[in-house]
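# Results of the structural survey
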Amino acid sequence: MNTITHQSYSKLYPARSTSHRSVWTHFMSWCEGQEKNRFGWLAAGLAGHGCFITPLTLLAVMLSGNSMVFWAFTIAAMTMTLVTNLAALSTKITIPVLFLSVLIDAGIIIASIAGIVIQ
């Protein structure tokens, strides 16, 4: 008799998942998925950054007047990449550090060019 007096309700629509992933979360999950390409990222970090980007940044610094602050930041950016790769850290750490160091180098190049234009 209890089932007659109590009505049961059920949902007629499926529950929606409203989880939006931020750009940073999406980027970090992509970095974790790059673990199978870890040696390629190691080569890009050491060879690409060490043999191409850092000398290009130092050339821009030298042509703009050899600021020791820019030298220090350029060497620190290269050291960040070198240390994380030599420590054999996961791609979850090495890829963001590589991108950060490239961003630092790009900022130094832009600041060096802006310094040349202003003078």
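Heads up: the structure comes first, above all this text.
Criteria and cut-off values
- Residues numbered from 1 in each chain as written.
- Predicted model: local features only at pLDDT ≥ 70, side-chain atom pairs only at ≥ 80, totals over all residues.
- Heavy atoms only, no water.
- Core = buried A, V, L, I, M, F, W, Y, C linked by side-chain atoms within 4.5 Å.
- Buried < 20%, exposed > 50% of the residue type's maximum accessible area, 1.4 Å probe, protein only.
- Helix = DSSP H or I, 4+ residues; strand = E, 2+ residues; numbered from the N terminus.
- Salt bridge = Lys/Arg side-chain N within 4 Å of Asp/Glu carboxyl O.
- Expected span 1.5 Å × (residues − 1).
- Arc of directions from axis to C-beta.
- Patch = residues over 30% accessible without salt bridge, like charges linked within 9 Å, V, L, I, M, F, W, Y side chains within 5 Å.
- Areas by Shrake-Rupley, 256 points an atom, 1.4 Å probe, with all protein chains shown as cover.
- Phe/Tyr/Trp six-rings, centres within 6.5 Å; stacked < 30°, edge-to-face > 60°.

## What to know about the nonpolar core
With six residues, the main nonpolar core is built from F27, M28, C31, W41, I95 and L98. Elements represented by at least two residues in this core include exactly helix 2 (23–33) and helix 5 (91–118). It is helix 2 that contributes the most residues to this core, three residues altogether.

## Side note on the pattern of salt bridges
For the coordinates displayed, the defined rule picks out two salt bridges. One salt bridge connects R38 with E35, and the closest N-O pair in it is separated by 2.9 Å. The class for R38 is partly exposed, based on a relative accessible area of 26%. By relative accessible area, E35 is classed as partly exposed at 31%.

## With respect to helix 4 (residues 68–86)
With 19 residues, helix 4 should reach 27 Å at 1.5 Å per residue; the first-to-last C-alpha distance of 26 Å fits that figure. T74, A77, M78, T81, T84 and N85 are the residues of helix 4 that are buried. Down the axis of helix 4, the buried side of the element spans an arc of 135°, and every buried residue falls inside it. Residues of helix 4 that are exposed and angled more than 90 degrees away from the buried face: M68 and L86.

## Quick look at a nonpolar patch on the surface
Taken together, F52, L56, L59, M62 and L63 make up a surface patch of nonpolar side chains, about 520 Å² in accessible area. Locating M62 in the fold gives a position in helix 3 (residues 38–63). Residue M62 is classed as partly exposed on the basis of its relative accessible area of 43%.

## With respect to helix 2
Along an α-helix, residues three or four positions apart point the same way, because every turn accommodates 3.6 residues. Those residues of helix 2 that fall on the buried side of the exposure criterion are F27, M28 and C31. The arc enclosing the buried residues of helix 2, seen along the axis, measures out at 95°, which places them on a common side.

## A word on the packing of aromatic side chains
A full pass over the atoms with the stated rule returns five aromatic pairs. An angle of 90° between the planes, with centres 5.8 Å apart, marks the rings of W30 and W41 as edge-to-face. Of this pair, W30 sits in helix 2 while W41 is found in helix 3, placing the two residues 11 residues apart along the sequence. Ring geometry for W41 versus F99: centroids 6.0 Å apart, planes at 85°, classification edge-to-face. Of this pair, W41 sits in helix 3 while F99 sits in helix 5, and the two are 58 residues apart along the sequence. Given the relative accessible area of 39%, F99 is considered partly exposed. In this structure an aromatic cluster arises from ring pairing among W24, F27, W30, W41 and F99.

## With respect to unusual backbone geometry
In the Ramachandran plot, N66 falls in the positive-phi region, its phi being about 60° despite a non-glycine side chain. If you trace the backbone, N66 turns up in the loop between helix 3 and helix 4. N66 gets classed as partly exposed once you look at its relative accessible area, which sits at 40%. Not every positive phi belongs to a glycine, and A88 is a case in point at roughly 55°. With respect to the element layout, A88 can be found in the loop between helix 4 and helix 5.

Keep in mind these values describe shape, not function.
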